[in-house]
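Residues per chain, in single letters:
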Amino acid sequence: MLIVKAFDLKFKYRKYVETRDEPKFAGLPDPAPFNRDDLYEVLPMMGAVMDQLGTADGEILNKLEDFLNTMPRFITSREETFNYLVGCGSQLM
C-alpha cells in the first residue's frame, strides 16, 4: 500500500493525539466514522485511495485533498469517504 506522509499533503490537519492509537482505515468494509480534520485519519485514507487509483502523482493527491475538503457533510463513514474519493479520483484520470 502506498504510504502518504504529512509533508506530501497540501493542507495542514490537526493531530488528535487522544485517538492516534485507535485503528484507522485499512480497507472495505469500514463503517467507522471518519474525521476529515484529523491527520491520523487523513494519511491512511489518502494512501488507500491513491493505491486504489494506481497512482503516486502529487497533483492527484492535491486534487483529492480538495475533494476531501469540499466533500458533503452527509458523508461520514470511512467507507463512504473512500468510495467518494475514489469516484472523484477516477474522473480525474
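What you are looking at is a predicted structure, and each value in this text was computed from that prediction instead of being measured. (Residues numbered from 1 in each chain as written. Predicted model: local features only at pLDDT ≥ 70, side-chain atom pairs only at ≥ 80, totals over all residues. Heavy atoms only, no water.)

Considerations on helix H3 (residues 78-92)
Given 3.6 residues per turn, any residue in an α-helix points the same way as the ones three and four places further on.
For step 1, the next point in the chain: A rise of 1.5 Å per residue sets the reference length of H3, with its 15 residues, at 21 Å; its end C-alpha atoms lie 21 Å apart and thus fit the reference within 8%.
For step 2, the next point in the chain: Listing the buried residues of H3 in full gives Arg78, Thr81, Phe82, Leu85, Val86, Cys88 and Gly89. Along H3, the residues classed as buried sweep out an arc of 165° about the axis, all on the same side.
For step 3, the next point in the chain: Buried positions along H3 lie against helix H1 (39-53) and helix H2 (58-70). (Helix = DSSP H or I, 4+ residues; strand = E, 2+ residues; numbered from the N terminus. Expected span 1.5 Å × (residues − 1). Buried < 20%, exposed > 50% of the residue type's maximum accessible area, 1.4 Å probe, protein only. Arc of directions from axis to C-beta. Contact = heavy atoms within 4.5 Å.)

Re H2
For step 1, the next point in the chain: Given a rise of 1.5 Å per residue, 13 residues ought to cover 18 Å, and the 19 Å separating the end C-alpha atoms of H2 matches this to within 8%.
For step 2, the next point in the chain: Lining the buried residues of H2 we find H1 and H3.
For step 3, the next point in the chain: With a side-chain oxygen lying 2.8 Å from the backbone nitrogen of glutamate 59, the N-terminal cap of H2 falls on aspartate 57. (Polar contact = N/O pair within 3.5 Å; in protein donor to acceptor, adjacent residues only side chain to side chain.)

Things to note about the pattern of salt bridges
For step 1, the next point in the chain: Enumeration over the complete set of coordinates arrives at five salt bridges.
For step 2, the next point in the chain: One salt bridge connects lysine 10 with aspartate 66, and the closest N-O pair in it is separated by 2.8 Å. Here lysine 10 is found in the segment before H1, whereas its partner aspartate 66 is found in helix H2, with 56 residues between them in sequence.
For step 3, the next point in the chain: Taking the relative accessible area as the measure of exposure, aspartate 66 reaches 30% and is therefore partly exposed.
For step 4, the next point in the chain: Its salt-bridge partner being arginine 78, residue aspartate 30 comes within 3.3 Å of it at the nearest N-O pair. (Salt bridge = Lys/Arg side-chain N within 4 Å of Asp/Glu carboxyl O.)

A word on the packing of H1 against H2
For step 1, the next point in the chain: Remark: H1 packs on H2, axes separated minimally by 11 Å, with the N-to-C direction vectors making an angle of 125°. Judged by the angle between their axes, H1 and H2 are oblique. Between H1 and H2 lies a crossing whose hand is right-handed. Along the contact surface, H1 presents Val42, Met46, Val49, Met50 and Leu53, while H2 presents Ile60, Leu61, Leu64, Glu65 and Leu68.
For step 2, the next point in the chain: Broken down by class, the residue content of the contact of H1 with H2 amounts to nine nonpolar, no polar and one charged. (Axes fitted to C-alpha atoms, helices over the stretch in contact; angles between N-to-C directions. Parallel < 35°, antiparallel > 145°, perpendicular 65-115°, else oblique. Left-handed = near helix turned anticlockwise from the far one by under 90°. Nonpolar A, V, L, I, M, F, W, Y, C, P; charged D, E, K, R; others polar.)

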